[in-house]
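Below, each chain spelled out in residue letters.
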Amino acid sequence: MEKEMGNYLLFRIDSRLVHGQVCTAWIPEKGIKRAVIIHDEYAQDPFLCDLHEMAVPSGVRCDTITTEEAAKQWRENQFGDENTIVIFQTPEHAMKAYDEGIKFNRIQVATLAGEKNSVCVYKQVNVSMERAKIFQEMDSKGIKVYCQMFPADTETSMIELLNQSRNKKALGL
């Protein structure tokens with residue numbers, strides 16, 4: 001977690017967005033009071049916004065917002081003074097937000113659904129060559145990318161996982 005302006009921020013990539021793992025492990029462990037889902041398409045769908053809001057525990061606010069709105073809120077007050085989890089569905093979404101000005105030094109990868117030509121590099125984390133390149137770009141910008149499913153799990157470097165010979169070969173890196 002990063003400490004910004006007095007609050008704690010956890011940046012996370014998880015294709016499932018808000019789900020049991022987030023609600024029963026991360027939110028209580030880190031004292032999260034706000035979840036911010038940054039997703040341009042989902043933010044335009046009132047049903048999905050309501051669904052995300054209903055998924056979080058009582059007392060936790062959940063906002064599904066566009067990258068543009070997120071960048072505006074970031075510039076104003078870095079998502080406020082509450083402990084916050086910021087969730088992206090894909091590394092592409094996270095990189096877009098970073099490029100729009102939402103600067104983070106660390107990002108957790110929890111679950112990435114398999115896609116064509118992807119390789120399972122860690123538990124439920126499946127990475128394609130294109131996504132591996134995004135993680136490498138993040139690393140080159142000084143962002144620590146790590147895999148971690150639960151708070152009790154050890155952080156595992158995404159770059160180290162990608163550099164394992166079997167993953168390098170399978171991904172063509």
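Here is a short report on the structure shown in this document.

## Observations concerning the overall build of the protein chain
Point 1. Helix and strand counts for the protein chain stand at 7 helices and 10 strands.
Point 2. Taken over the C-alpha trace, the protein chain has a radius of gyration of 15 Å; the compact-globule value for 173 residues is 16 Å, and the two agree within 12%.
Point 3. Taking the principal axes of its C-alpha atoms as reference, the protein chain extends roughly 45 × 30 × 30 Å.
Point 4. For the protein chain, with 173 residues in total, the buried portion stands at 53%.
Point 5. Contacts in the protein chain between residues at least 24 apart in sequence constitute 70% of all its contacts with a sequence separation of at least 6.
Point 6. Summing over all exposed atoms, the protein chain offers an accessible surface of approximately 8200 Å²; the carbon and sulfur share of this is 48%.
Point 7. Within the protein chain, the 25 negative side-chain charges are centred at a point lying 6 Å from the centre of the 21 positive side-chain charges.

## Some remarks on helix 5 (residues 129-140)
In an α-helix, one turn spans 3.6 residues; hence positions three or four apart end up facing the same way.
Point 1. Compared with an ideal rise of 1.5 Å per residue, which puts 12 residues at 16 Å, helix 5 spans 16 Å between its outermost C-alpha atoms and is within 8% of the ideal.
Point 2. Among all positions of helix 5, only Arg131, Ala132, Ile134, Phe135 and Met138 are buried. Down the axis of helix 5, the smallest arc covering the buried residues is 155 degrees, so these residues share one side. Those residues of helix 5 that are exposed and aimed more than 90 degrees away from the buried face are Glu130 and Ser140.
Point 3. One or two positions beyond helix 5, positive phi appears at Gly142, with a value near 85 degrees.

## Comments concerning the packing of aromatic side chains
Point 1. For the coordinates displayed, the defined rule picks out 5 aromatic pairs.
Point 2. Here Phe88 and Phe104 contribute two aromatic rings whose centre-to-centre distance is 6.2 Å and whose plane-to-plane angle is 40 degrees, an arrangement assigned as tilted. Here Phe88 is found in strand 5 (residues 84-88), whereas its partner Phe104 is found in the loop between helix 4 (91-99) and strand 6 (106-111), with 16 residues between them in sequence.
Point 3. Of the aromatic side chains, those joined through ring pairs into one cluster are Phe11, Trp74, Phe79, Phe88, Tyr98 and Phe104.
Point 4. The ring of Tyr98 carries Lys103 above its face, with NZ or CZ at 4.0 Å from the centroid.
Point 5. Over the aromatic face of Tyr146 sits the side chain of Lys144, whose NZ or CZ is 5.7 Å from the ring centroid.

## A short note on the packing of helix 4 against helix 5
Point 1. Axis separation between helix 4 and helix 5 bottoms out at 10 Å; the angle between their running directions is 35 degrees. Our pair here, helix 4 against helix 5, has a crossing hand that is left-handed. Residue-level contacts link Pro91, Glu92, Ala94 and Met95 of helix 4 to Arg131, Ile134, Phe135, Glu137 and Met138 of helix 5.

## Thoughts on the pattern of salt bridges
Point 1. Using the criterion set out here, one finds 12 salt bridges in the structure.
Point 2. It is possible to trace a salt-bridge network through shared partners that takes in Arg12, Asp14 and Arg16.

## Digging into the environment of Gln108
Point 1. Tracing the backbone shows Gln108 in strand 6.
Point 2. Residues Gln108 and Val22, 86 residues apart in the sequence, show an inter-C-alpha distance of 12 Å.
Point 3. Side-chain polar atoms of Gln108 contact the side chain of Gln148, separated by 3.3 Å.

## Focus on the nonpolar core
Point 1. With 39 residues, the main nonpolar core has Phe79, Phe88, Ile102, Ile107, Phe135, Met138 and Met158 as its most contacted residues.
Point 2. Once residues lying within four places of it in the same chain are set aside, the contact partners of Phe79 are Leu9, Arg34, Val36, Ile38, Ile65, Ala70, Gln73, Trp74, Thr84, Val86 and Ile102.
Point 3. Val22, Cys23, Ile37 and Cys62 belong to the second-largest nonpolar core, a separate cluster that totals 17 residues.

Conventions and cut-offs
Residues numbered from 1 in each chain as written. Predicted model: local features only at pLDDT ≥ 70, side-chain atom pairs only at ≥ 80, totals over all residues. Heavy atoms only, no water. Helix = DSSP H or I, 4+ residues; strand = E, 2+ residues; numbered from the N terminus. Rg over C-alpha atoms; globule rule 2.2 N^0.38 Å. Buried < 20%, exposed > 50% of the residue type's maximum accessible area, 1.4 Å probe, protein only. Contact = heavy atoms within 4.5 Å. Areas by Shrake-Rupley, 256 points an atom, 1.4 Å probe, with all protein chains shown as cover. Lys, Arg positive; Asp, Glu negative; His and termini not counted. Charge placed at Lys NZ, Arg CZ, Asp CG, Glu CD. Expected span 1.5 Å × (residues − 1). Arc of directions from axis to C-beta. Phe/Tyr/Trp six-rings, centres within 6.5 Å; stacked < 30°, edge-to-face > 60°. Lys NZ or Arg CZ within 6 Å of the ring centre and 35° of its normal. Axes fitted to C-alpha atoms, helices over the stretch in contact; angles between N-to-C directions. Left-handed = near helix turned anticlockwise from the far one by under 90°. Salt bridge = Lys/Arg side-chain N within 4 Å of Asp/Glu carboxyl O. Polar contact = N/O pair within 3.5 Å; in protein donor to acceptor, adjacent residues only side chain to side chain. Core = buried A, V, L, I, M, F, W, Y, C linked by side-chain atoms within 4.5 Å.

Purely geometric numbers; function is a separate question.
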